[in-house]
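# Observations on chain architecture
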Amino acid sequence: MASAHGAEPDAEDAAETEEAIYEEVMPCDRMELSQWLAVEELITTEASYVHNIQLCVADIRAHLQKKQLPELDLEGLFSNTDDILHVSRRFLKGLEATATQEQEQLLCISTLFQEFKEEMETVYKIYCASYDHALLLVESYRKDPRLQEEILETLNATVPHTGASDLSFFLVMPVQRVTKYPLLLGKILENTPTSASAYPALQAAVRAMAQVNTNINEYKRRREVATKYNKAEHLTLRDRFARLNTHSIAKKTTRLSRLFMHEAGIVAKTEDKEYDDLEEKFQCVVSSMAALKENVASYLGHLEAFLLATPHKRDLQLDEGPAQQYRRLAEYLHCTVFPEFKRRLDRLVCQPLCSLSDMLVGPQQLVKKRLDKLLDYEEIQERKSEMGSVTYDEEAAMNTYLAINALLVAELPRFNQVALQILGQILCSLSTLQRDLAAQVLHQAEKELEQMPHGHMPLPSFWKMVEDTLKQSGAQLPTFCQMFETVMPSPVTQPLNPAEERKVLSLVSKHGPDKLYQVTSNISGSKDLDLTLQRGQIVALLQSVDTKGNTNRWLVDAGGPRGFVPAGKLQPYCPVQRQQPGMQTPALESGTERRRHSYAPPEAPRPQVATFTPAFQVVAGFSFAARSPQEVSLQAGQPVVVLEPHDKKGSKEWSLVDVNGQRGYVPSSYLVTVPVQEPAGWSLPV
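What you see is a predicted model, and the numbers here were worked out from it, not measured in a lab.

### Considerations on the nonpolar core
- Leu-72, Leu-77, Phe-113, Tyr-124, Leu-167 and Leu-171 are the most contacted members of the largest nonpolar core, which totals 62 residues.
- Counting residues per element, the ones that place at least two in this core are helix H1 (2-67), helix H2 (74-78), helix H3 (81-97), helix H4 (105-142), helix H5 (145-158), helix H6 (168-171), helix H7 (173-190) and helix H8 (199-229).
- Take this core: its biggest share by element is 15 residues, from H4.
- Once residues within four sequence positions are removed from consideration, Leu-77 is found in contact with Leu-72, Ala-134, Leu-137, Val-138, Tyr-141, Leu-167 and Leu-171.

The following block contains the structure:
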């Protein structure tokens, strides 16, 4: 009995011990099972995520690209999804490879997250920062029935199994995935014993992914601040005044006084060597781009001015020879080489320069706003050190400066690098275009040169021939000028009309005859206080210098208006006093000529008045053949006397003239007024 009674307690003790062991083993198995399920969830959901991103890029975006809808901003919608897909594929491959490491799988997973931490942060922060803009695009497309129909047709054709009604179903996936990594790792960590060798590594992985999400949120906040301030506003003066209020005036006054104290050395500036170096490089890029843009625009202007001359369109009426060869060369250059060069210059240089200029607007605005916020920051910091605390708005202003400064420090290095690369590519394109242009022109010129008589002449002999030809032409020029003056008839003095006579007399009485000047060519005023004058007008000199001391711009009196004119377009006017009898008006012609004449005989002879012989005359600028009895023929260079500067109906397109005693009408545009420098000589118009 004793033995029996002794055996029963032993059996009971064994049963209790077995039950305790079972209770200890089961929680460990449950934790291990939950851990395995958490790892499986991480891997399977990553595979599903990569598959969906692949559908988004390869199917949905590709299908929309084929539709070629100009209103659809695919870059704004999908952002850097390609980069995310590239990183996620490699990450998934690494996760799947950990399945073979049974004992070290958790350690491998932790190490993998640490390795991909920086890459994930780089690609996901760009996507998350532009995600709100993508949602705005989706919302705007939803309001356009045609675009919404095209998007739904694409979704039904590419991913019908998802049941997605718009693109936001796929666009939100990267945002959800990066925020889920810390949760998945945390679930694995919860089911890992603290004594496990992988526990510290898992803790570090959880902290790393949490930090990635924190950095992404901070980057997004900075981008939102930058987006608020980097827009260039083109406001009118009225709009700027409308924005002024007591708060804004006080804030601007505080900033201005702070800036003056900086410049005067009263208060110390906040030093940021890293930012100052970056801003200096950025401003150098801005000035270089502006100078290049200005030079290219000037170059294009000169090229267009060069192309205005079209000698190949003129009939030279010369036999085959050097002149005709030059005509062919000019035609080839104007019609083929230069237009193609201009198109390539616009595509490879001008358009990239304009795009780069647009890119610089945002950073320039942000740099300016950073200075304003820095002045606010310094003012608030002083107040905080004195009072010990600041208001909520002041704290927000300080955070705004810190956000803008951190964003510029992070983004300016890459921006400067990209901008310099673009500038370098533009300069290389410009150099290549210039080299190609020179090669084309030289090749064509050599082809034409080979056909010329002196095409194979040695270079020294060629230059000797050119020099001899120039000397011979220079020796013949005086003889030609002398013959020209001999052959041409003596100039006929063009009388002034009564109004012009009165104006000249008024100018003489006011300023004296030594102050009179005559306009040698038409003057079109382009600046304030400039005069617009016609060739042949008489003016009086008031000052031989303008308000800035420029001696090439004179102040004159035009017989009423006063203003500035170029000194190079004036020549001294020397009136010769003479007595003019009463005006003898020719008798009216009979027949059809009477119909077009508008002059009438005077009622009484005019009294004798003192007048001045003008220093200009009217000649025919072009030959004209009369087509009716009322018209008179002209030869180019032939002097004429204008009787009336209009016809009977008052039209100034025709003028009544006297040519060697014959009266008739000629086109007014065929007449040219030329100054007379010597009474007995002939001078060409200036």
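There's more to say after this.
### Here we look at the confidence of the model for the protein
- Averaged over the protein, the pLDDT score is 80; the fraction of residues at 70 or greater is 82%.
- Within the model, pLDDT remains below 50 along residues 577-613, and this stretch shows 59 contacts once partners closer than five positions in the same chain are excluded.
- Contacts from residues 677-686, a stretch scored under 50 in pLDDT, to residues over four places away or in other chains number 21 contacts.

### Considerations on the sheet that holds strand S4 (residues 562-566)
- An order of S4-S3-S2-S1-S5 is seen for the five strands of this open sheet, with the pairing classed as antiparallel. Lying at the two open borders of the sheet, with one neighbouring strand each, are S4 and strand S5 (570-572). The average undirected angle you get between the axes of adjacent strands in this sheet is 50 degrees.
- As defined by bridge partners, strand S1 (residues 516-519) adjoins S5 across three bridges and the pair is classed as antiparallel. Looking at S5, one finds that Tyr-517 is bridged to Pro-572.
- Across the sheet, helix H15 (residues 498-511) lies against S1, strand S2 (538-543), strand S3 (553-557) and S4, angled at about 20 degrees from S2, the strand it touches most.

### A word on the pattern of salt bridges
- Under the criterion given, the structure shown has 28 salt bridges.
- Its salt-bridge partner being Arg-258, residue Glu-378 comes within 3.3 Å of it at the nearest N-O pair. Within this pair, whereas Glu-378 is found in helix H12 (residues 322-387), its partner Arg-258 is found in helix H10 (residues 246-264), the two being separated by 120 residues in sequence.
- On the accessibility criterion, Glu-378 (4% relative accessible area) is buried.
- Its relative accessible area of 4% is what places Arg-258 among the buried residues.
- For Arg-343, the salt bridge goes to Glu-340, with nearest N and O atoms at 2.7 Å. Of this pair, Arg-343 and Glu-340 both sit in helix H12, separated by three residues, roughly a single helical turn.
- Classification of Glu-340 by relative accessible area gives partly exposed; the value is 34%.
- Through salt bridges that share partners, Arg-258, Glu-378, Glu-379 and Glu-382 make up one connected network.

How each quantity is defined
Residues numbered from 1 in each chain as written. Predicted model: local features only at pLDDT ≥ 70, side-chain atom pairs only at ≥ 80, totals over all residues. Heavy atoms only, no water. Core = buried A, V, L, I, M, F, W, Y, C linked by side-chain atoms within 4.5 Å. Buried < 20%, exposed > 50% of the residue type's maximum accessible area, 1.4 Å probe, protein only. Helix = DSSP H or I, 4+ residues; strand = E, 2+ residues; numbered from the N terminus. Contact = heavy atoms within 4.5 Å. pLDDT = per-residue confidence, 0-100. Pairing = 2+ DSSP bridges. Axes fitted to C-alpha atoms, helices over the stretch in contact; angles between N-to-C directions. Salt bridge = Lys/Arg side-chain N within 4 Å of Asp/Glu carboxyl O.

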